[in-house]
Amino acid sequence: MRSHPSRGVFLAVIALILALALPTWQPVPAAAFQSVTATLLPDPYATPLPTPRPVPIPAWRPALYPVPWALTVNDHFYFTRPIAADEVNWPLDAYRYTGTNFSEDLPHTGVDIVASPGTPVLAAESGQVIWAGWGLFRLTPGDTTDPYGQAVVIAHNFGYLNQPLFTVYAHLSAVDVVRGQEVEIGEMIGKVGRTGLATADHLHFEVRWGLNDFYASLNPELWLVPPEGWGVLAGRVMTTWGDPVFNQRVKVTNLDTRQSWWAQTYSTFKNINRDPYFQENFVLSDLPAGNYEISLPYVGRDIKTRIRIEPGAIAFFTFYGFRGFNAQEEPPFIPTTLPIYQASPTP
Ligand SMILES: [Zn+2]
């Protein structure tokens, strides 16, 4: 059993991070805004986040595709949203997968969905509850100091590439299931809260592959089914020489509606995992199908390309520095065996 970082290291890293300047974030243009609880949304650790701002909420989103949804053998939209479709059920854009607001060694291993306290949390697919309650991060049942707070883990009765899949739901104000219980997709397993190291109400959601382990996460935005008619953008953003570019801001513009999104490449590859097919370091979900422009400032130049987001599918691009974009390149599928993740030595 791997030991986890000590509380002392946590506190030291928190102090360090608090001393660092936070990144600045561009406002996202949107027609309609609805004010949500906009305070710090840390997670699953005491994480300082960028300056909060209202979450843009379009007036209407289509219903979700049924799951499993996979238009090609490499798609794996196996999970429905853990928050009902009449609420905000998409990831908070300011703190996506791999964010290292907390520390380089402990990146954000999931996504956060902002919701009011008490909002029902739903099983993203059927399976068996293998964790219910306090203590998930250190695997010590009953530990009320655990950063995940009250959490549920479901072991699903299906897998991917012959390895099991798990989903994690954290910071719950109430847990409505018990260990060993079989649950159905959409069944309420708990309620949104802020238990653990969270200062605002939200759901922290993870997808784990191979093992129920902190170090076995994958990007949930590649696994949560899109709304009907919407798709996902994934890419590999590299230097001219093929090295990954971390924390690179990328602008994505819908050429039909002119709506723009800013998102960043992964902050780190440490203690997170890339999809075996896409080997991505950039993912942006919930994009209405259509024609898009991707632009990326690179060494003083603004490099652009066009790409089409197809409904219910993942559009893929590569970027290699001054060699520019390629939206036709096939992803570099790398067959993997268990485990895919690399745990770093614990501090
Ligand atoms: Zn989180």
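Residues numbered from 1 in each chain as written. Predicted model: local features only at pLDDT ≥ 70, side-chain atom pairs only at ≥ 80, totals over all residues.

## Here's the deal with the overall build of the protein
Reasoning step 1: The helix and strand tally for the protein stands at one helix and 20 strands.
Reasoning step 2: Scored against the burial criterion, the 347 residues of the protein give a buried share of 44%.
Reasoning step 3: Taking contacts inside the protein between residues at least 6 apart in sequence as the whole, the part at least 24 apart equals 66%. (Helix = DSSP H or I, 4+ residues; strand = E, 2+ residues; numbered from the N terminus. Buried ≥ 20, exposed ≤ 12 C-beta atoms within 10 Å, placed from the backbone. Contact = placed C-beta atoms within 7 Å.)

## Details of the pairing of strand 18 (residues 301-309)
Successive side chains on a regular strand alternate, one facing one side of the sheet and the next facing the other.
Reasoning step 1: Relative to strand 18, strand 17 (residues 290-298) is paired through nine bridges, and the arrangement is antiparallel. Paired with proline 297 across the two strands is aspartate 302, which belongs to strand 18.
Reasoning step 2: Counting the residues that bridge the hairpin from strand 17 to strand 18 gives two residues, and of these valine 299 lies at a positive phi of roughly 45°. (Pairing = 2+ DSSP bridges.)

## Focus: the pairing of strand 3 (residues 111-114)
Reasoning step 1: Burial along strand 3 is two-sided: Val111 and Ile113 facing one way and Asp112 and Val114 facing the other are all buried.
Reasoning step 2: The pairing of strand 3 with strand 11 (residues 202-209) spans four bridges and is classified as antiparallel. In the strand pairing of strand 11, valine 111 is matched with phenylalanine 205.

## Side note on the sheet that holds strand 13 (residues 230-238)
Reasoning step 1: One open sheet accounts for four strands, arranged 16-13-19-20; its pairing is mixed. At either end of the open sheet lies a strand with only one pairing partner, and these are strand 16 (282-288) and strand 20 (325-326).
Reasoning step 2: Bridge count for strand 13 against strand 19 (residues 314-320) is seven bridges, and the pairing is parallel. In the strand pairing of strand 19, alanine 234 is matched with phenylalanine 316.

## Details of unusual backbone geometry
Reasoning step 1: Following valine 67, the chain continues to proline 68 via a peptide bond in cis, the omega torsion being -5°.
Reasoning step 2: Its place among the elements puts proline 68 in the loop between strand 2 (55-56) and strand 3.
Reasoning step 3: Positive phi outside glycine occurs at asparagine 162, with the angle close to 65°.
Reasoning step 4: Structurally, asparagine 162 is set in the loop between strand 6 (150-160) and strand 7 (163-172).
Reasoning step 5: Overall, asparagine 162 belongs to the exposed group, with 8 C-beta atoms counted inside 10 Å.
Reasoning step 6: Even without being a glycine, aspartate 286 presents a positive backbone phi close to 60°.

Purely spatial values, then, with no claim about function.
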